[in-house]
Amino acid sequence: MTLKEPSFIPVADHALLVQVADAISDAATARVHQFDKAIQDQPPTGVLETIPAFVNLLVEFDPLLSDHDTLANALRDLWHEPAQAQDKGRLHEVSVCYDGDLAPDIASVAKAVGMSPEAVINMHLSGRYKVGMYGFAPGYAYLSGVPEPLQLPRKPAATRDIPAGSVLIAGPQCLVTTLTMPTGWSIIGRSPTQILRDDPVRPFLFDVGDNVQFVRMSHEAFHAQDKGTT
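To keep things clear, this report deals only with the structure shown in the data block. (Residues numbered from 1 in each chain as written. Predicted model: local features only at pLDDT ≥ 70, side-chain atom pairs only at ≥ 80, totals over all residues. Heavy atoms only, no water.)

## Section: the overall build of the chain
Piece 1. Per the secondary structure count, the chain includes five helices and 13 strands.
Piece 2. Here the C-alpha radius of gyration of the chain, 19 Å, is about what a compact globule of 230 residues would show, namely 17 Å.
Piece 3. Along the three orthogonal principal directions, the C-alpha set of the chain runs to about 55 × 40 × 35 Å.
Piece 4. Across the 230 residues of the chain, 46% fall into the buried class.
Piece 5. Sequence-distant contacts, at least 24 apart, represent 62% of the contacts inside the chain between residues at least 6 apart.
Piece 6. As displayed, the chain has an accessible area near 11,700 Å², and 54% of this comes from carbon and sulfur atoms.
Piece 7. Of the charged side chains in the chain, 17 are positive and 27 negative; the average position of the first set lies 6 Å away from that of the second. (Helix = DSSP H or I, 4+ residues; strand = E, 2+ residues; numbered from the N terminus. Rg over C-alpha atoms; globule rule 2.2 N^0.38 Å. Buried < 20%, exposed > 50% of the residue type's maximum accessible area, 1.4 Å probe, protein only. Contact = heavy atoms within 4.5 Å. Areas by Shrake-Rupley, 256 points an atom, 1.4 Å probe, with all protein chains shown as cover. Lys, Arg positive; Asp, Glu negative; His and termini not counted. Charge placed at Lys NZ, Arg CZ, Asp CG, Glu CD.)

This is the structure we're talking about:
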């Protein structure tokens, strides 16, 4: 995939949204992460924080030290510098139980994709997942890498009161919930792995750019290891 020249979109009086692509792809997300690292290594005047997503990057700045045009010019110059080798990120194993009431949508997903439930589980386990961004809730790490045959749209309506630790898929993305809340994604398992941590320096298990490998566990092992995520 050929990436376009980035666009720089003003956000309020203190931020720029840097758009690098129009559709989610591994190449676009990798370029966002490279650019995020370049800004951290060589921050233009006034930059306070960067927030990466799949195809764009929000750059917040101090409006007393810079403005939209000045920062856009500095970021444009930085964009055209040679990209540094990307950090491969850490690898995290996340245990998942795909059994019974912990995976209420396995049967419907299997029917929709024309596979057995066991084949769906094995295919999900075979995925290569990468943390692309954090979403609207604490610790909601959106993972790319769902195998193409499992890439189903969201449900027509959300289901309420989905437990924390639920493993969800929708389109090319997967996530593990950290709070009890509604979702329109397909629920294919549940994990006891703690993503929210009691650590003010590293409050989440994953960093953007890290890799995730799902590992199957039994129903009995789930209940033995569960420490309050449900």
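And the narrative resumes.
## A closer look at the sheet that holds strand β6 (residues 129-134)
Piece 1. Strand order across the open sheet formed by seven strands is β5-β13-β6-β7-β10-β9-β12, with mixed pairing between neighbours. Each edge of the open sheet carries a strand with a single partner, namely β5 (91-96) and β12 (186-190). Neighbour-to-neighbour, the strand axes of this sheet turn through a mean angle of 35 degrees, independent of strand direction.
Piece 2. Sheet strands touched by helix α4 (residues 117-126): β6, β9 (166-170), β10 (173-176), β12 and β13 (211-216). Its angle to β13, the strand with the most contacts, is close to 150 degrees. (Pairing = 2+ DSSP bridges. Axes fitted to C-alpha atoms, helices over the stretch in contact; angles between N-to-C directions.)

## As for the packing of helix α3 (residues 106-113) against α4
Piece 1. Two elements in contact, α3 and α4, have axes whose closest approach is 8 Å; the angle formed by their N-to-C orientations is 90 degrees. Accordingly, the angle class assigned to the pair α3 and α4 is roughly perpendicular. Contacts between α3 and α4 involve Ile-106, Val-109, Ala-110 and Val-113 from the former and Pro-117, Val-120 and Ile-121 from the latter.
Piece 2. Here the contact of α3 with α4 is built from residues that sort into seven nonpolar, no polar and no charged. (Parallel < 35°, antiparallel > 145°, perpendicular 65-115°, else oblique. Nonpolar A, V, L, I, M, F, W, Y, C, P; charged D, E, K, R; others polar.)

## A closer look at helix α2 (residues 68-79)
For an α-helix the count is 3.6 residues per turn, leaving residues at separations of three or four pointing the same way.
Piece 1. The end-to-end C-alpha separation of α2 is 16 Å, in line with the 16 Å expected for twelve residues at 1.5 Å each.
Piece 2. All buried positions along α2 are accounted for by His-68, Leu-71, Ala-72, Leu-75, Leu-78 and Trp-79. The arc enclosing the buried residues of α2, seen along the axis, measures out at 125 degrees, which places them on a common side. Within α2, the exposed residues directed more than 90 degrees away from the buried face are Asp-69 and Asp-77. (Expected span 1.5 Å × (residues − 1). Arc of directions from axis to C-beta.)

## Considering the packing of aromatic side chains
Piece 1. Following the criterion strictly, the structure yields five aromatic pairs and no others.
Piece 2. Ring centres 5.2 Å apart and planes at 80 degrees place the aromatic pair Phe-35 and Trp-79 in the edge-to-face group. Within this pair, whereas Phe-35 is found in helix α1 (residues 26-41), its partner Trp-79 is found in helix α2, the two being separated by 44 residues in sequence.
Piece 3. Residue Phe-35 is classed as buried on the basis of its relative accessible area, which comes to 2%.
Piece 4. Here the guanidinium or amino end of Arg-31 rests over the ring plane of Trp-79, the centre of that ring lying 3.9 Å away. (Phe/Tyr/Trp six-rings, centres within 6.5 Å; stacked < 30°, edge-to-face > 60°. Lys NZ or Arg CZ within 6 Å of the ring centre and 35° of its normal.)

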